[in-house]
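Now for the letters of each chain:
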Amino acid sequence: MVKKIRNSLSAKVFLWIAGLLILCSLSIYGMVMVFLPQSYTVVASSRVESEIQQLTESLSNADFADSREILDQFSRENQALVVLAGVGESQSFGSLVEGNGENILTTSLEITFADRADSYTLSITAPVSPGRELTVAFIKMFPLLMLLILFISALGAFLCSRVLVRPVLEISRISKRMAHLDMTWDCKVNRTDELGVLANSLNTMAKRLNTAMKELESANEQLREDMEHITELSRQRRDFFAAASHELKTPITILKGQIESMILGIGKYKDTEKVLPETLKEVENMERLVKEILTISKIEMDGLAGKAEPVLLPGILTKVTETLLPLAQERHITVHSQLAEDVTVSGNISLLEKAIHNILSNAIRHSPEGSEVLIHLTTSALSVTNTGTSIPEEDLSVLFTPFYRVEKSRNKSTGGNGLGLYLVKTILELHGFQYRVENTETGVMFTVGF
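Residues numbered from 1 in each chain as written. Predicted model: local features only at pLDDT ≥ 70, side-chain atom pairs only at ≥ 80, totals over all residues. Heavy atoms only, no water.

S.K.: Just give me the short version of the overall build of the chain, but keep the residues and values in it.
M.R.: Within the chain, the regular secondary structure consists of 10 helices and 11 strands. The buried share of the chain, reckoned over its 450 residues, is 34%. With an accessible surface of roughly 27600 Å², the chain has 59% of that area assigned to carbon and sulfur atoms. (Helix = DSSP H or I, 4+ residues; strand = E, 2+ residues; numbered from the N terminus. Buried < 20%, exposed > 50% of the residue type's maximum accessible area, 1.4 Å probe, protein only. Areas by Shrake-Rupley, 256 points an atom, 1.4 Å probe, with all protein chains shown as cover.)

Here's what the structure looks like:
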């Protein structure tokens, strides 16, 4: 498209300028060829008349005897026929050549000589060139002059078209790239006229559009990421409530069966004093599960809710460790703590305490009896390692899935309800902390970076 415009515009400008130059040159040439011979005829007539006037003055100041030489010289120089008549005598000087198409100037006047009182009649017939030879010369020179005119016109038109069209073509090329939203260019038209102003305006507009497009692309990318995040959250929420419904369905079915069996007095359920503690235990499991679900739902709905404040992690770790110490003693597990002082993060103290409680509780519950749990706190990370155990590699990527249990038997006394790590994940992501679980040479290490 640009090439087509370039060819069309260049050709038009070239033809227009060349045509105008040729027309102007031919007009000047024609005017010179017409008016110069006419001017030349007038000049030639004036010259002959001036010569005659000088001749008259020369004769008036000369003797009659000297007139022959003067008249003879005049006739030769002007190719004129001069006749001097008077006092019964007549003399002629020179001759007139006819047939060359020249104009004839005839003059007759009275003169006197210095040594004579008598008057003489001086008749002069002189040719005056009409300038036709100039016209012939112009006609003969026309072919060569026409070639020169064409060459100069073509060269001038080419140079002018380059000067005029090049910036227009550059702007046209730039406008095509702009139409394709390509702003990575610079219009290099170094001029101070209107075309230069237009080029500078295009450069300024391109820079502003490029900045706006980058900002828009960044905003679109952020929006896309937000939409993907929202979609993922929606999917997780659906999966969570679907799993929660499934988890609640099992204990409800068990409770219903136990209560109906006690009402009907079937089998061992006749002894209600023995069966009721089991039923109460199942109700308590359901209560814990519902509390966990409600806690997670509240966290996802409220977030930090403006409750972020400086939290001193060594104090929380000490408090949670003391709380879980009976459980560790029951399983003969030794807890070793190496805590840096004055490690402070910004967050919700109750939620962080809940997350740390779940991490340490999982470490203690899933460590073999007689092993160790190592707690290490630095200014940039918290790591909890339960020694003597490991997690299958295929389970590491799904540990934080709601209701997922590494314990395949799904025994709540050993495997929990599967919401502990999901709750930890929700709280840590809410605070913007990085986390990971990995197998090490000594055991399983849970790391939180902040």
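S.K.: An account of the sheet that holds strand β6 (residues 334–339) is needed here, citing residue identities and associated values.
M.R.: An order of β6-β8-β9-β11-β10 is seen for the five strands of this open sheet, with the pairing classed as mixed. For this open sheet the edge positions go to β6 and β10 (434–439), each flanked by a neighbour on one side alone. This sheet shows a mean twist of 10° between the axes of neighbouring strands, independent of strand direction. Examined bridge by bridge, strand β9 (residues 381–387) and strand β11 (residues 443–449) share seven bridges and lie antiparallel to one another. Its bridge partner being in β11, T385 is matched across the sheet by M445. (Pairing = 2+ DSSP bridges. Axes fitted to C-alpha atoms, helices over the stretch in contact; angles between N-to-C directions.)

S.K.: Now, about the packing of helix α6 (residues 313–330) against helix α7 (residues 349–365): what can you tell me, with residues and values included?
M.R.: Running from N to C, α6 and α7 point in directions that differ by 40°, and their axes come no closer than 9 Å. In terms of their interaxial angle, α6 and α7 are classed as oblique. Considering only the axes of α6 and α7, their crossing is right-handed. Two secondary-structure elements touch here, α6 through L313, I316, L317, K319, V320, T321, L324, L327 and A328 and α7 through I349, E353, I356, H357, L360, S361, I364 and R365. Considering only residue class, the contact of α6 with α7 consists of 11 nonpolar, three polar and three charged. (Parallel < 35°, antiparallel > 145°, perpendicular 65-115°, else oblique. Left-handed = near helix turned anticlockwise from the far one by under 90°. Contact = heavy atoms within 4.5 Å. Nonpolar A, V, L, I, M, F, W, Y, C, P; charged D, E, K, R; others polar.)

S.K.: Give me the packing of α7 against helix α10 (residues 420–431): which residues, what numbers.
M.R.: The interhelical angle for the contact between α7 and α10, taken along N-to-C directions, is 140°, at an axis separation of 9 Å. Classified by the interaxial angle, the pair formed by α7 and α10 is oblique. Like other packed secondary-structure pairs, α7 and α10 cross with a definite hand, here left-handed. Every residue of α10 that contacts α7 at L351, L352, K354, A355, N358, I359 and N362 is listed here: G420, L421, L423, V424, I427, L430 and H431. Residues of the contact of α7 with α10, tallied by class, amount to nine nonpolar, four polar and one charged.

S.K.: Explain the nonpolar core to me, using residue names and the numbers behind them.
M.R.: With 34 residues, the main nonpolar core has I356, L360, I364, L399, V437 and F446 as its most contacted residues. Contributions of two or more residues to this core are made by α6, α7, β8 (372–377), β9, α10 and β11. The leading source of residues in this core is α6, at seven residues. Ignoring anything within four residues of it in the chain, the contact list for F446 reads I359, L382, S383, V384, F400, L421, V424, L428, Y435, R436 and V437. Membership of the second largest hydrophobic core comes to 21 residues, among which are I52, F74, A80 and V128. (Core = buried A, V, L, I, M, F, W, Y, C linked by side-chain atoms within 4.5 Å.)

S.K.: So what's going on with a nonpolar patch on the surface? Residues and values would help.
M.R.: On the surface, a cluster of nonpolar side chains totalling about 600 Å² of accessible area is made up of L148, F151, I152, L155, F158 and L159. Looking at where L159 falls in the secondary structure, it is placed in helix α3 (residues 132–179). (Patch = residues over 30% accessible without salt bridge, like charges linked within 9 Å, V, L, I, M, F, W, Y side chains within 5 Å. Salt bridge = Lys/Arg side-chain N within 4 Å of Asp/Glu carboxyl O.)

S.K.: Run through unusual backbone geometry, naming residues and quoting values.
M.R.: Non-glycine residue Q79 carries a positive phi angle of around 50°. Within the secondary structure, Q79 sits in the loop between α2 (64–78) and β1 (81–86). Assessed through its relative accessible area of 55%, Q79 is described here as exposed. Positive phi outside glycine occurs at H332, with the angle close to 55°. As for its position among the elements, H332 is in the loop between α6 and β6. Accessibility expressed as a relative area gives 56% for H332, which makes it exposed.

S.K.: Report on a negative patch on the surface, specifying residues and quantitative values.
M.R.: A cluster of acidic side chains, namely D63, D66, E69 and D115, defines a negative patch on the protein surface. By secondary structure assignment, the location of D66 is in helix α2. (Lys, Arg positive; Asp, Glu negative; His and termini not counted. Charge placed at Lys NZ, Arg CZ, Asp CG, Glu CD.)

S.K.: I'd like a rundown of the confidence of the model for the chain, residues and numbers included.
M.R.: Caution is warranted with low-pLDDT regions, since their predicted coordinates should not be read in detail. Across the chain, the average pLDDT comes to 79, with 82% of residues at 70 or higher. Per-element mean pLDDT across the chain ranges from 48 in helix α9 (residues 412–415) up to 94 in β8. (pLDDT = per-residue confidence, 0-100.)

S.K.: Hey, could you go over α7 for me, with residue numbers and the actual values?
M.R.: For α7, spanning 17 residues, the distance from its first C-alpha to its last is 24 Å, which sits close to the expected 24 Å at 1.5 Å a residue. Residues of α7 that are buried: L351, L352, A355, I356, N358, I359, L360, S361, A363 and I364. (Expected span 1.5 Å × (residues − 1).)

S.K.: An account of the pattern of salt bridges is needed here, citing residue identities and associated values.
M.R.: A side chain of one charge can pair with a side chain of the opposite charge when the charged atoms of the two come close. The full count for this structure, using the stated rule, is six salt bridges. E221 is the salt-bridge partner of R224, the closest N and O atoms lying 2.4 Å from each other. Here R224 and its partner E221 are both found in helix α4 (residues 194–264), three residues apart, which amounts to about one turn of the helix. According to the relative accessible area criterion, R224 is partly exposed, its value standing at 38%. Among the ionic pairs, R436 bridges to E438, the shortest N-O distance being 3.1 Å. The exposure class of R436 is partly exposed, given its relative accessible area of 46%.

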